[in-house]
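# An overview of the molecular structure
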Amino acid sequence: MSTRYETQPIAWNEAFSVGVDLLDQHHQHLAHLINQLAEHSGEDLRSEGIVDILSSLVAYAEYHFREEEELMSLASYHELEEHRQEHLHFCEVISETCYGASLGIVGVKELFSYLTRWWRNHILLEDMKYKPFLSTLPEQQRGQAA
Ligand SMILES: [Fe+2]
Ligand SMILES: [Fe+2]
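No experiment lies behind these values; they were computed from the predicted model shown.

## Overview of the overall build of the protein
- Counting secondary structure elements, the protein contains five helices and zero strands.
- Counting helices and strands in the order they occur from the N terminus, the protein gives α-α-α-α-α.
- Taken over C-alpha atoms, the radius of gyration comes to 16 Å for the protein, in line with the 15 Å a tight globule of 146 residues would show.
- Over its C-alpha atoms, taken along the principal directions, the protein stretches across nearly 45 × 30 × 25 Å.
- Within the protein, the proportion of its 146 residues that are buried is 20%.
- Looking at the protein alone, contacts between residues at least 24 apart form 75% of all its contacts between residues at least 6 apart.

Structural data, given as structure tokens:
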């Protein structure tokens, strides 16, 4: 039995737009950080380069989630709690993965594959649901979350 891993870098396009420039920029930066992992695919997950990318990714994802949740809250988005749980789940998986990496049981390929799938699915299936709600926010609020 073989596992198919995602190996292609993420390419952002309009289909991923959630209608708020600030959040689109965040998503693009997350994609950029995830794509950097692909450039280190031959390395051990414990290597310095990978650890740096992962810590930037975790910090940026947490920042992005906070801002996104703030905008959802401003728009009185009814599925905010469920969405917050999705974000929390991602943070948990990443910390477990980092632990797995420290034990040498998770490789860069698996991690890259998980992250690219997560990025795509989360934006298309979860973030996209708030699009019509956030579009009702005044321009000023959309440009500057908390
Ligand atoms: Fe989200
Ligand atoms: Fe997001």
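## Remarks on helix H4 (residues 108-134)
- The axis of H4 is deflected most strongly, by about 45 degrees, at Asp127.
- Considering only its buried residues, H4 is in contact with helix H1 (21-38), helix H2 (48-74), helix H3 (80-102) and helix H5 (139-143).

## Describing unusual backbone geometry
- At Ser76, a residue that is not glycine, the phi angle is positive and equals roughly 50 degrees.
- For Ser76, the location among the structural elements is in the loop between H2 and H3.

## Details of the confidence of the model for the protein
- Here the protein shows a mean pLDDT of 90. Residues at 70 or above account for 96%.
- The least confident element of the protein is H5, whose mean pLDDT is 80; the most confident is H1, at 96.

## Remarks on H2
- The end-to-end C-alpha distance of H2, which contains 27 residues, comes to 39 Å, matching closely the 39 Å that a straight helix rising 1.5 Å per residue would cover.
- All buried positions along H2 are accounted for by Ile50, Leu54, Ala61, Glu68, Leu71 and Met72.
- On its buried side, H2 packs onto H1, H3 and H4.
- Ser76 lies just past H2 and shows a positive phi near 50 degrees.

## Overview of the packing of H2 against H3
- Here H2 crosses H3 at 175 degrees, and the two axes come no closer than 10 Å. As judged from the angle between their axes, H2 and H3 are roughly antiparallel. Contacts from Leu54, Val58, Ala61, Glu62, Phe65, Glu69, Met72 and Ser73 in H2 reach Leu80, His83, Arg84, His87, Phe90, Cys91, Ile94 and Cys98 in H3.
- Each residue belonging to the contact of H2 with H3 can be placed in one class, and the counts come to 10 nonpolar, three polar and three charged.

Basis of the calculations
- Residues numbered from 1 in each chain as written.
- Chains lettered and ligands numbered in written order.
- Predicted model: local features only at pLDDT ≥ 70, side-chain atom pairs only at ≥ 80, totals over all residues.
- Helix = DSSP H or I, 4+ residues; strand = E, 2+ residues; numbered from the N terminus.
- Rg over C-alpha atoms; globule rule 2.2 N^0.38 Å.
- Buried ≥ 20, exposed ≤ 12 C-beta atoms within 10 Å, placed from the backbone.
- Contact = placed C-beta atoms within 7 Å.
- Bend = angle between axes of the 7 residues up to and from the residue.
- pLDDT = per-residue confidence, 0-100.
- Expected span 1.5 Å × (residues − 1).
- Axes fitted to C-alpha atoms, helices over the stretch in contact; angles between N-to-C directions.
- Parallel < 35°, antiparallel > 145°, perpendicular 65-115°, else oblique.
- Nonpolar A, V, L, I, M, F, W, Y, C, P; charged D, E, K, R; others polar.

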